[in-house]
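Summary of structural features
Okay, here's what each chain looks like letter by letter:
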Amino acid sequence: MSKRLQVLLPDQEMSEIKRLAKRERLTVGEWVRRTLREARTLRPIHEPEAKIEAVRRAAQYTFPTADIEQMLKEAGYGLDSRIR
């Protein structure tokens with residue numbers, strides 16, 4: 001289902017948006033939708049505090065680890081397998 005969004009803009013700003021949309025051969029509506037999608041992808045979905053808490057919880061655990069080349073080799077992804 002689609003929803004309508006009404007945004008009031010000063011004449012000068014609307015003229016600039018129309019010019020930008022025309023330059024990209026888009027309607028103003030499509031230009032706005034694309035711009036809003038781009039802006040949304042640049043913003044984190046989760047609050048920074050939630051991310052910090054997740055890192056703190058993960059840091060409480062100790063897991064075995066090794067050098068990345070050793071782990072890749074043990075998993076069957078050694079340097080020689082990547083060359084083939």
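Remember, predicted model here, so these are calculated numbers, not experimental data.

**Notes on the pattern of salt bridges**
- On inspection of all chains with the given rule, the structure shows three salt bridges.
- Glu 30 serves as the salt-bridge partner of Arg 33, at 3.2 Å between the closest nitrogen and oxygen. Separated by three residues within a single helix, Arg 33 and Glu 30 lie in helix H2 (residues 28-42), roughly one turn from each other.
- For Arg 34, the salt bridge is made with Glu 30, and the minimal N-O distance between the two is 3.2 Å.

**Details of the packing of helix H1 (residues 11-23) against H2**
- It is at 9 Å that the axes of H1 and H2 come closest, and there the two elements cross at 90°. Comparing the axis directions of H1 and H2 gives the class roughly perpendicular. Side by side, H1 and H2 meet where Met 14, Ile 17, Lys 18, Leu 20 and Ala 21 of the first sit next to Val 28, Trp 31 and Val 32 of the second.
- Classifying every residue of the contact of H1 with H2 by side-chain character gives seven nonpolar, no polar and one charged.

Conventions used here
- Within each chain, residues carry numbers counting from 1 in the order of the written sequence.
- Restriction of local features to residues with pLDDT of at least 70 applies here, the model being predicted, together with a cutoff of 80 or more for giving and counting side-chain atom pairs; totals for whole chains, interfaces and linings are based on all residues.
- Think of the side-chain values as coming from all heavy atoms in the structure, minus any hydrogens and water.
- Just to be clear on terms, a salt bridge is a Lys or Arg side-chain nitrogen sitting within 4 Å of an Asp or Glu carboxyl oxygen.
- Comment: elements are numbered from the N terminus, with helices defined as DSSP H or I runs of at least four residues and strands as E runs of at least two.
- Orientation is described by axes fitted as lines to C-alpha atoms, over the contacting stretch for helices, and by angles from 0 to 180 degrees between their N-to-C directions.
- Oblique is the label for any angle not covered by the other classes, which are roughly parallel (under 35 degrees), roughly antiparallel (over 145) and roughly perpendicular (65 to 115).
- Should any heavy atoms of two residues lie within 4.5 Å, those residues are counted as being in contact.
- When residue character is reported, Ala, Val, Leu, Ile, Met, Phe, Trp, Tyr, Cys and Pro are called nonpolar, Asp, Glu, Lys and Arg charged, and the others, Gly included, polar.

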